[in-house]
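Analysis of the macromolecular model
The primary structure of each chain is shown beneath.
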Amino acid sequence: MEAKAFVKYVRISPRKVSIVCDLIRGKNVKEAAAILANVPKSACEPLSKLLKSAAANAENNHHMDPEKLYVSETFATPGPIIKRMMPRAQGRGYRINKRTSHITLVVKER
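So, here is what we can say about the structure in this document.

The rules behind the values
Each chain has its residues counted from 1, following the order in which its sequence is written. In keeping with the model being predicted, local features are shown solely for residues with a pLDDT of at least 70 and side-chain atom pairs are shown and tallied solely at 80 or more, while totals for entire chains, interfaces and linings include all residues. Water and hydrogen atoms were dropped before computing side-chain values, which therefore reflect all heavy atoms in the structure. Helix numbers and strand numbers start at the N terminus; a helix is a DSSP run of H or I with at least 4 residues, a strand a run of E with at least 2. In this setup the radius of gyration rests on C-alpha atoms only. A globule is expected at 2.2 Å times the number of residues raised to 0.38. Partly exposed residues are those whose accessible area sits between 20% and 50% of the maximum for their type, while under 20% is buried and over 50% is exposed, using a 1.4 Å probe and protein chains only. Each pair of aromatic rings taken from Phe, Tyr and Trp, with Trp reduced to its six-membered ring, is defined by centres within 6.5 Å and is described as stacked if the planes are under 30 degrees apart, edge-to-face if over 60, and tilted in the remaining cases. Only Lys NZ and Arg CZ are tested; either one counts as a charge over a ring when it is within 6 Å of the ring centre and within 35 degrees of the ring normal. The nonpolar core is taken to be a set of buried Ala, Val, Leu, Ile, Met, Phe, Trp, Tyr and Cys residues, with the residues joined through side-chain atoms within 4.5 Å. Contacts are assigned to residue pairs that have any heavy atoms within 4.5 Å of one another. Within the patch definition used here, like charges are joined within 9 Å and nonpolar side chains (Val, Leu, Ile, Met, Phe, Trp, Tyr) within 5 Å, considering only residues with over 30% relative accessible area and no salt bridge. Residue exposure ignores everything except the shown protein chains as possible cover, and the areas themselves are Shrake-Rupley values with a 1.4 Å probe. Salt bridge, as used here, is a side-chain nitrogen of Lys or Arg placed within 4 Å of a carboxyl oxygen of Asp or Glu. Here Asp and Glu are counted as negative and Lys and Arg as positive; His is not counted, and neither are the chain ends. One atom stands in for each charge, and that atom is NZ of Lys, CZ of Arg, CG of Asp or CD of Glu. In this description, one arc is meant: the one made by directions from the helix axis to the C-beta atoms.

Let us now look at the overall build of the chain. Within the chain, the secondary structure is distributed over three helices and five strands. The helix and strand sequence of the chain, counted from the amino end, reads β-α-α-α-β-β-β-β. Its C-alpha radius of gyration of 17 Å places the chain more than 25% over the 13 Å reference for a compact globule of 110 residues. Scored against the burial criterion, the 110 residues of the chain give a buried share of 35%.

Attention shifts here to the packing of aromatic side chains. Scanning all chains against the criterion turns up zero aromatic pairs. When the ring centre of Tyr70 is taken as origin, the NZ or CZ atom of Arg110, which lies over that ring, is 4.2 Å away.

Right, let's get into the nonpolar core. Val17, Leu36, Leu47, Leu51, Ile103, Leu105 and Val107 are the most contacted members of the largest nonpolar core, which has 26 residues in total. For this core, the secondary-structure elements that each account for two or more residues are strand E1 (2-10), helix H1 (14-24), helix H2 (29-38), helix H3 (44-61), strand E2 (69-78) and strand E5 (101-109). Considering each element in turn, this core owes the most residues, seven residues, to H3. Apart from residues no more than four positions distant in its own chain, Val17 is found in contact with Ile12, Ala43, Leu47, Ala76, Ser101 and Ile103.

Let us now look at a positive patch on the surface. Taken together, Arg11, Lys16, Lys41, Arg84 and Lys98 make up a surface patch of like positive charges. For Lys41, the position within the fold is in the loop between H2 and H3.

Within the element layout of this structure, Ile96 appears in strand E4 (residues 93-98). Apart from residues no more than four positions distant in its own chain, Ile96 is found in contact with Ile82, Lys83, Arg84 and Met86.

Before going further, it helps to examine the side chain of Thr104. Secondary-structure assignment places Thr104 in strand E5. Beyond its immediate sequence surroundings of up to four residues, Thr104 is in contact with Ala5, Phe6, Leu50, Glu73, Thr74 and Phe75.

It is worth spelling out the environment of Ser13 at this point. As for its position among the elements, Ser13 is in the loop between E1 and H1. As a C-alpha pair, Ser13 and Arg25 span 12 residues in sequence and 19 Å in three-dimensional space. Excluding residues that lie within four positions of it along the chain, Ser13 makes contacts with Arg99 and Ser101.

Okay, H2 next. Of all the residues in H2, the buried ones are Val29, Ala32 and Leu36. Along the axis of H2, the buried positions cluster into a sector of 60 degrees, meaning they face one direction only. Relative to its buried face, H2 has exposed residues pointing more than 90 degrees away, namely Lys30, Ala37 and Asn38. Here the buried face of H2 lies against H1, H3, E2 and E5.

Structural data, given as structure tokens:
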């Protein structure tokens, strides 16, 4: 039995989110929450909200024991890219890609 939570269109690059995802994968929910509270990365805020949501889904929808939950899967896939232009010398314009992420977090019971 597993419980999932998703967040879409987060304005952080998936490469930056996956660094934090690697830190919490396989950890207990309480330990993962403590890691997210103390790591100075911008991806920690949406991931901690997502972790709370997945734990609440497991407890309320699937009747799992909240003490036995652990993060079984977490990953970030690329979402749509917002394209912007940056003015450069001699009338040129360089493209700036503002990347977004879709983050998935799955918790299971040990």
